[in-house]
Amino acid sequence: MNPDIILPFLFIIVSMLYSSVGLGGGSSYTALMAIFGMKHELIPTISLALNLVVTFIGMIAFWRGGHLNFRLILPFVVTSVPMSYVGGAVRLPEEVFFWLLLVTLVLAAARLYLVNDLTLRIHLDRRQSLALSLLIGALLGFVAGTVGIGGGIYLVPLIILFGMSTEKEAAAAGTVFVWVNSAAGFISRVQRGAFSGATFFPMVGAVVLGGLLGSHLGAERFSPKMVQRLLGIVILAAIFYLMRKII
């Protein structure tokens, strides 16, 4: 099947479900593109663009709700933004790219299905917290630029685990983190030519349409965790596909 035809329709459904409960879901878009065999150079570019779209509304909502803690967010983005730009400039061989994507999707699946409510709290002093924030930001920023997964799915539970902030502020930090990293990685990839308008615009248009429909419907009968785990099946399918492809 031609991914340029089938993926926009799937993206409308996925983005509608995610946005109905206030989620982004960039990892699911990346997984779908991998399953349908899209060119490995285009997957991160489109995924980063979709991240920009789906997190913008959430970022504004958190800002209006007073949950943005810039003192919390700043150390992460100081290292993540330049590393995302560097990651976007790196031309990875196809096999290396798919191995890296496989690892990130396995971690995303573990986050969705194995890590539920975090009861463990590790309290750090200010220096430890700053050092860890800078390190996490750099690692996740590079992953965002190379693979296209913004990193919010990993960052939010880590903030909670290390007792850096409340759940609301952690979620807000994750949204901003994904947005700024996606912008840096996307700009870098477009500058080096990893871009196709014929593929890009239908995908982004599908996510915008699905997001508007989902926000309007507001399916409150579903919980965010349930939607994540339901659509996490797409991630599991992508893991199976990638394992068959590269092993």
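Below is a short write-up of the structure. (Residues numbered from 1 in each chain as written. Predicted model: local features only at pLDDT ≥ 70, side-chain atom pairs only at ≥ 80, totals over all residues. Heavy atoms only, no water.)

1. Notes on the packing of helix α2 (residues 26-35) against helix α3 (residues 42-64)
Convention followed: For helices, the axis comes from a line fit to the C-alpha atoms of the stretch in contact; other axes are also lines fit to C-alpha atoms, and the angle between any two N-to-C directions lies between 0 and 180 degrees. For the purposes of this entry, the term helix denotes a DSSP run of H or I that reaches at least four residues, the term strand denotes a run of E that reaches at least two, and both are numbered from the N terminus. Should an angle fall under 35 degrees it is taken as roughly parallel, and over 145 as roughly antiparallel, whereas 65 to 115 is taken as roughly perpendicular and any remaining angle as oblique. Crossings are classed by handedness, with left-handed meaning an anticlockwise turn of the near helix from the far one by less than a right angle and right-handed meaning a clockwise turn. It only takes one pair of heavy atoms within 4.5 Å for two residues to be counted as in contact. Residues are grouped as follows: Ala, Val, Leu, Ile, Met, Phe, Trp, Tyr, Cys and Pro are nonpolar; Asp, Glu, Lys and Arg are charged; all remaining types, including Gly, are polar.
Their axes nearest at 9 Å, the elements α2 and α3 cross at an angle of 150 degrees. With respect to each other, α2 and α3 are oriented roughly antiparallel. Note that α2 runs across α3; the crossing there is right-handed. Each of Gly 26, Tyr 29, Thr 30, Met 33 and Ala 34 in α2 lies in contact with α3, whose residues at this interface are Ile 43, Ile 46, Ser 47, Leu 50, Asn 51 and Val 54. For the contact of α2 with α3, a count of residues per class yields 7 nonpolar, 4 polar and no charged.

2. Considerations on empty space enclosed by the protein
Heads up, the condition is: Any residue with an atom within 4 Å of a point lines the site, the site being either a cavity, points on a 1 Å grid over the protein atoms alone where a 1.4 Å probe fits but cannot get out, or a pocket, an open set with protein on both sides within 12 Å along at least 5 of 7 lines. Grid points are joined across faces, edges and corners, and a volume is the space filled by probe spheres set on the points.
Going through the model one piece at a time under the given rule, you end up with 1 cavity of 30 Å³ or more. Roughly 40 Å³ of internal volume is contained in the largest cavity. His 40, Glu 41, Gly 87, Val 90, Leu 92, Phe 97, Thr 146, Arg 189 and Arg 192 are the residues that line the largest cavity. Per-class residue counts for the lining of the largest cavity are 3 nonpolar, 3 polar and 3 charged.

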